[in-house]
Amino acid sequence: MSSDSPLVSSVVGETAVLQSQSYVNDKAADALAQECQKLAAEGIRHFIINMQDSKMVNSIGIAVVIEMIEKAIENNGSVSFCCASPTIAKTFQIMGLRQLSAIYDSEEEAIASIE
Amino acid sequence: MAEDSNVDLSIPMLPDMELTAITVAESLGVFIGLDTNKIDEVKMALIEACINAFEHSKSPERRIDLNFQITDRGMTISINDGGDGFDLDEAKARIAEKRNKGQKRGWGLTLMSELMDEVEVDSSTNGTLVTMTKYR
């Protein structure tokens, strides 16, 4: 399976790795959610969001991301994150996202957690 | 600290204009020697303050006025939306009710409070003034 979306960096088995944008606002989060929805329709259940390029997020964007996580969980899958800055990780914590999802230091660790 | 380290900025309520405000916060944060995490927390809180104003102020001018003040304690940012104001207790009750119903929005004030060291909200029919401080 392959994807030509610039947001998708790899798809292996039932797991896709996506790259988040520099500023995760509502538009950027919607783009991620739509991509995950497309991939889910192709059989992908686990999503890893690599946040190394993300400098800032806002609460509207995170709200969209939380809905995306809930859909993945309903589909017996998961959404996890890697390479998030300490402030983004703290923001996720405050908004309760970490109750639904794990954050890993590296993409390799995130992939290994699914395998 | 010299008085001329104050910065005034007026931004229109246009999409992503909050990113203009955070460039000032970042420059001043570096200037006073805040570490990267503290600067990022200020930027994130400021984004929330701006988008709250954009979404809720009903300001006829469709602009927000910001003042960045450097003091011995740290950086204080004031955000004045020029809108029609709101009742803070009512707003908090509404947000709590929405969260109980599973809605995901309404985190702006909580994030500002958690990410900054001090946050004050003063709202009247002349507008809402949010004042938030990050210590050095």
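Provided above is the structure to which this section pertains.
Residues numbered from 1 in each chain as written. Chains lettered and ligands numbered in written order. Predicted model: local features only at pLDDT ≥ 70, side-chain atom pairs only at ≥ 80, totals over all residues.

Attention shifts here to the interface of chain A and chain B. Contacts between the two partners involve 14 residues from chain A and, on the opposite side, 16 residues from chain B. Contributions of two or more residues to the side of chain A that touches chain B are made by α2 (59-74) and α3 (86-94) of chain A. It is α2(A) that contributes the most residues to the side of chain A that touches chain B, five residues altogether. Of the residues contributing to the side of chain A that touches chain B, the split by class is eight nonpolar, five polar and one charged. (Contact = placed C-beta atoms within 7 Å. Helix = DSSP H or I, 4+ residues; strand = E, 2+ residues; numbered from the N terminus. Nonpolar A, V, L, I, M, F, W, Y, C, P; charged D, E, K, R; others polar.)

Attention now goes to the sheet that holds strand β1 (residues 8-12) of chain A. The strands that make up a sheet are held in pairs by hydrogen bonds between backbone atoms, and each pair lies either parallel or antiparallel. Residue and element names in this part refer to chain A. Spatially, five strands are ordered β1-β2-β4-β6-β7 in an open sheet, and the strand pairing comes out mixed. Single-partner strands in this sheet number two, and they are β1 and β7 (103-104). In terms of strand pairing, strand β2 (residues 15-19) meets strand β4 (residues 46-50) through five bridges, oriented parallel. Looking across to β4, one finds that Val17 is bridged to Ile48. Here helix α1 (residues 26-41) sits on the sheet and contacts β1, β2 and β4; the angle it forms with β2, its principal contact strand, is near 160°. (Pairing = 2+ DSSP bridges. Axes fitted to C-alpha atoms, helices over the stretch in contact; angles between N-to-C directions.)

What follows deals with the nonpolar core. Residues A:Phe47, B:Ala45, B:Leu46, B:Ala49 and B:Cys50 are the most contacted members of the largest nonpolar core, which totals 64 residues. Sorting elements by how many residues they give to this core places helix α2 (residues 36-56) of chain B first, with 10 residues. Once residues lying within four places of it in the same chain are set aside, the contact partners of B:Cys50 are B:Glu18, B:Ala21, B:Ile64 and B:Ile79. (Core = buried A, V, L, I, M, F, W, Y, C linked by C-beta atoms within 7 Å. Buried ≥ 20, exposed ≤ 12 C-beta atoms within 10 Å, placed from the backbone.)

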